[in-house]
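Reading the structure
Next come the chains, spelled out residue by residue.
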Amino acid sequence: TAFVYRSGEQLDMAENYYDQHGFYLRMMHDYVEIENNPDKKLVWLGRDFPYRWLSVSWATPNDSTELEVQLDHLLRNTYSKKMGSIKINQDYLKRDPFWFKQYSSFKYYGLWESKEEVKGGPFIAYGFYEPVKDRIYLLSGVIHAPEKEKIPYIRQMETIFRTFDTEIFEPE
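Let me sum up the structure you'll find in this document.

Glancing now at the packing of aromatic side chains. Following the criterion strictly, the structure yields 18 aromatic pairs and no others. Arranged with centres 5.8 Å apart and planes meeting at 65 degrees, the rings of Y79 and F123 form a pair that is edge-to-face. Highlighted residues: Y79 in helix 2 (residues 67-82) and F123 in strand 7 (residues 120-130), separated in sequence by 44 residues. Residue F123 is classed as buried on the basis of its relative accessible area, which comes to 2%. Ring plane angle 70 degrees and centroid distance 5.6 Å describe the contact between F128 and F164, whose orientation is recorded as edge-to-face. With F128 in strand 7 and F164 in the segment after helix 3 (151-161), this residue pair connects regions lying 36 residues apart in the sequence. Here F164 falls in the buried class, since its relative accessible area comes to 1%.

Below, the structure is given as C-alpha cells:
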C-alpha cells in the first residue's frame, strides 16, 4: 500500500464518491475520472500509459437469483454496455470464489479486448454483495501495457480494490 500511494492520493475524489454513491476507494495521485454516471451505476477511472482503467459498478440485488448469476451478469453488463468499447474474451474468463474483506466474493480474471482498436490485456474484477447498502458491487480493472510485466499492475489494482469500503470515510 505504501508503494502504491507513495506519490500521493486523491482524498477529495474518495470523499466525493462516498458523498455521491456511498462508497470510497483510495485513488492513486494520477488517475483521472473518465465517467461518473449514477444512472449507469458506474464510476470509471483511468491513467495514462501503461494504461490502467479501474471501475466500480453496482446493482440492486435480486433475491430470486443466485448471487453468482447476478455478478456474472453485472460483469458482462459493465464491459459490454457501461464501458462499451471493451469486451471480455470468454475463452479466457475465469471465476473463483474467495473472501474479500468480510464478504463472500468472486474473483474474475482473464483477458479483455478493445472493440475499436487493436489492444487488450489482462483484467481482474472482484464481485460481492454488500448488505449495508443492499447492493452488489463489481470492482474491476483492465491493463494495457505492451511489452511490460503485467503482474505489478495487477497487484496495484488489487491494492486499490482492498481500500474499497462503505463505512464512513476518515482520511488518515
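There is more to say after this.
This structure, assessed with the given rule, holds 1 cavity of 30 Å³ or more. As a volume, the largest cavity reaches approximately 30 Å³. The wall of the largest cavity is formed by Y51, W53, W112, K119, V142 and H144. Elements represented by at least two residues in the lining of the largest cavity include exactly strand 3 (51-59) and strand 8 (135-144). For the lining of the largest cavity, the class distribution of residues is 4 nonpolar, 1 polar and 1 charged.

Taken together, the buried positions of helix 1 (residues 11-21) are occupied by M13, A14, Y17 and H21. Looking straight down helix 1, one finds its buried side chains confined to an arc of 100 degrees; they lie on one side. Away from the buried face of helix 1 by more than 90 degrees, exposed residues D12 and D19 are located. Immediately beyond the C-terminal end of helix 1, within one or two residues, lies G22, with a positive phi of roughly 85 degrees.

Our next topic: the pattern of salt bridges. Using the criterion set out here, one finds 8 salt bridges in the structure. A salt bridge links R26 to E9; the nearest nitrogen and oxygen atoms lie 2.7 Å apart. Of the two residues, R26 is situated in the loop between helix 1 and strand 1 (32-37) and E9 in the segment before helix 1; the sequence distance between them amounts to 17 residues. The shortest N-O distance in the salt bridge between K40 and E35 comes to 3.0 Å. Overall, K40 belongs to the partly exposed group, its relative accessible area being 29%. Among the charged side chains, a network of salt bridges with common partners joins E68, D72 and R95.

Now for the nonpolar core. Formed by 29 residues in total, the largest nonpolar core has its most connected members in L54, I160 and F164. Elements with a contribution of two residues or more to this core: helix 1, strand 2 (42-47), strand 3, strand 7, strand 8 and helix 3. Per-element tally for this core: the top contributor is helix 3, with 5 residues.

Bringing unusual backbone geometry into the picture now. Here F49 and P50 are connected by a cis peptide whose omega angle stands at -10 degrees. Here P50 is to be found in the loop between strand 2 and strand 3. Although it is not a glycine, K101 sits at a positive phi angle of roughly 55 degrees. In this structure K101 comes out as partly exposed when scored by relative accessible area, which is 32%. A positive phi angle, near 60 degrees, is found at E147, a position not held by glycine. Assignment of secondary structure puts E147 in the loop between strand 8 and helix 3. Accessibility expressed as a relative area gives 86% for E147, which makes it exposed.

About the cut-offs
- Residue positions are given per chain, counted from 1 along the sequence in the order it is written.
- Under the rules for a predicted model, residues below a pLDDT of 70 receive no local features and side-chain atom pairs below 80 are neither given nor counted, while totals for whole chains, interfaces and linings still include all residues.
- Only hydrogens and water are set aside when side-chain values are computed; all heavy atoms of the structure are taken into account.
- In this scheme Phe, Tyr and Trp rings, the latter by its six-membered ring, pair at centre separations within 6.5 Å, and the angle between planes marks the pair as stacked below 30 degrees, edge-to-face above 60, and tilted otherwise.
- Secondary structure elements are defined from DSSP: runs of H or I of at least 4 residues count as helices, runs of E of at least 2 residues count as strands, and each element is numbered from the N terminus.
- Throughout, exposure labels follow a simple rule: accessible area from a 1.4 Å probe, protein chains only, divided by the maximum for the residue type, with under 20% read as buried, over 50% as exposed, and the rest as partly exposed.
- Cavity and pocket criteria rest on a 1 Å grid covering protein atoms alone: a 1.4 Å probe that fits but cannot get out defines a cavity, protein on both sides within 12 Å along at least 5 of 7 lines defines an open pocket, and an atom within 4 Å of a point defines a lining residue.
- Grid points are joined across faces, edges and corners, and a volume is the space filled by probe spheres set on the points.
- Under the grouping applied here, Gly and all other residues not named as nonpolar or charged are polar, the nonpolar ones being Ala, Val, Leu, Ile, Met, Phe, Trp, Tyr, Cys and Pro and the charged ones Asp, Glu, Lys and Arg.
- Working note: the arc is built from the helix axis to C-beta atom directions.
- Here, a salt bridge means any Lys or Arg side-chain nitrogen found within 4 Å of an Asp or Glu carboxyl oxygen.
- Within this scheme, the nonpolar core is defined by two criteria: the residues are buried Ala, Val, Leu, Ile, Met, Phe, Trp, Tyr or Cys, and they are joined through side-chain atoms within 4.5 Å.

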